[in-house]
Amino acid sequence: MEVKNVMEEFVFKHLDKMINSDEKICKCEKCRIDVAMLALNNLKPHYVATDKGNIYTNIALYDKNNEVDIMCAIGRAIKTVGDNPRHAEVR
Ligand SMILES: [Zn+2]
């Protein structure tokens with residue numbers, strides 16, 4: 001058994017299409033991860049117990065109920081990273 005934060009799955013599920021539909025945000029890997037990280041820090045983690053290969057129950061429902069919050073957090077993160085991209089800081 002494992003404990004997994006399914007919020008990560010939800011954020012990454014919505015992340016790409018939201019980044020791709022935003023013209024301002026940089027599309028590099030560093031900015032993409034920054035957006036994911038910021039969004040996740042602003043969302044409450046949702047942990048589930050999972051067995052390897054076992055499909056979790058009620059995940060789709062949880063996603064539906066929290067979709068607005070999740071997309072809101074990603075939207076804010078995209079704006080923050082878009083205004084202050086950190087990709088040039090460390091090489
Ligand atoms: Zn970038």
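Residues numbered from 1 in each chain as written. Predicted model: local features only at pLDDT ≥ 70, side-chain atom pairs only at ≥ 80, totals over all residues. Heavy atoms only, no water.

Chemist: Would you take a moment to explain the environment of L15 for this structure?
Modeler: Tracing the backbone through its elements, the reader meets L15 in helix α1 (residues 6-20). Using a relative accessible area of 0% as the deciding quantity, one classes L15 as buried. With sequence-adjacent residues up to four places away left out, L15 is seen in contact with R32, V35, A36 and I74. (Helix = DSSP H or I, 4+ residues; strand = E, 2+ residues; numbered from the N terminus. Buried < 20%, exposed > 50% of the residue type's maximum accessible area, 1.4 Å probe, protein only. Contact = heavy atoms within 4.5 Å.)

Chemist: Would you explain the coordination of the zinc ion in this entry?
Modeler: Under perfect tetrahedral coordination by four donors, a metal shows angles of 109.5 degrees; under perfect octahedral coordination by six donors, it shows angles of 90 or 180 degrees. Each protein donor to the zinc ion is listed here as C26 (SG), C28 (SG), C31 (SG) and H87 (ND1); together their distances run 1.9 to 2.4 Å. One can describe the site at the zinc ion as tetrahedral: its 4 donor atoms subtend angles covering 97 to 125° at the metal. In the primary sequence, the donor residues of the zinc ion line up as C-x1-C-x2-C-x55-H. Of this pair, C31 sits in helix α2 (residues 29-41) while H87 is found in the segment after α3 (59-83), placing the two residues 56 residues apart along the sequence. Its relative accessible area of 0% is what places C31 among the buried residues. On the basis of relative accessible area, H87 is assigned to the partly exposed category, the value being 28%. (Donors = N, O, S within 2.8 Å, 3.2 Å for Na, K, Ca; no water. Tetrahedral: all angles 85-135°; square planar, octahedral: opposite > 155°, others 65-115°.)

Chemist: Explain the packing of α1 against α3 to me, please; I cannot follow it from the model alone.
Modeler: Interhelical geometry of α1 versus α3 gives an angle of 55° and a closest axis separation of 9 Å. Considering their axes alone, α1 and α3 lie oblique with respect to each other. The interaxial crossing formed by α1 with α3 has right-handed handedness. For the pair formed by α1 and α3, the contact residues are V6, M7, F10, V11, K13, H14, L15, M18 and I19 on the first element and I59, Y62, D63, E67, I70, M71, I74, G75 and I78 on the second. (Axes fitted to C-alpha atoms, helices over the stretch in contact; angles between N-to-C directions. Parallel < 35°, antiparallel > 145°, perpendicular 65-115°, else oblique. Left-handed = near helix turned anticlockwise from the far one by under 90°.)

Chemist: Sorry, what's going on with the side chain of H14 here?
Modeler: Following the sequence through the fold, H14 ends up in helix α1. If sequence neighbours within four positions are ignored, H14 has contacts with D63, E67, I70, M71 and I74.

Chemist: So what exactly am I meant to see when it comes to the side chain of N5 here?
Modeler: If you trace the backbone, N5 turns up in strand β1 (residues 2-5). Judged by its relative accessible area of 12%, N5 is buried. Among the polar contacts listed, one links the side chain of N5 to the backbone nitrogen of H46, at a separation of 3.0 Å. With sequence-adjacent residues up to four places away left out, N5 is seen in contact with P45, H46 and Y47. (Polar contact = N/O pair within 3.5 Å; in protein donor to acceptor, adjacent residues only side chain to side chain.)

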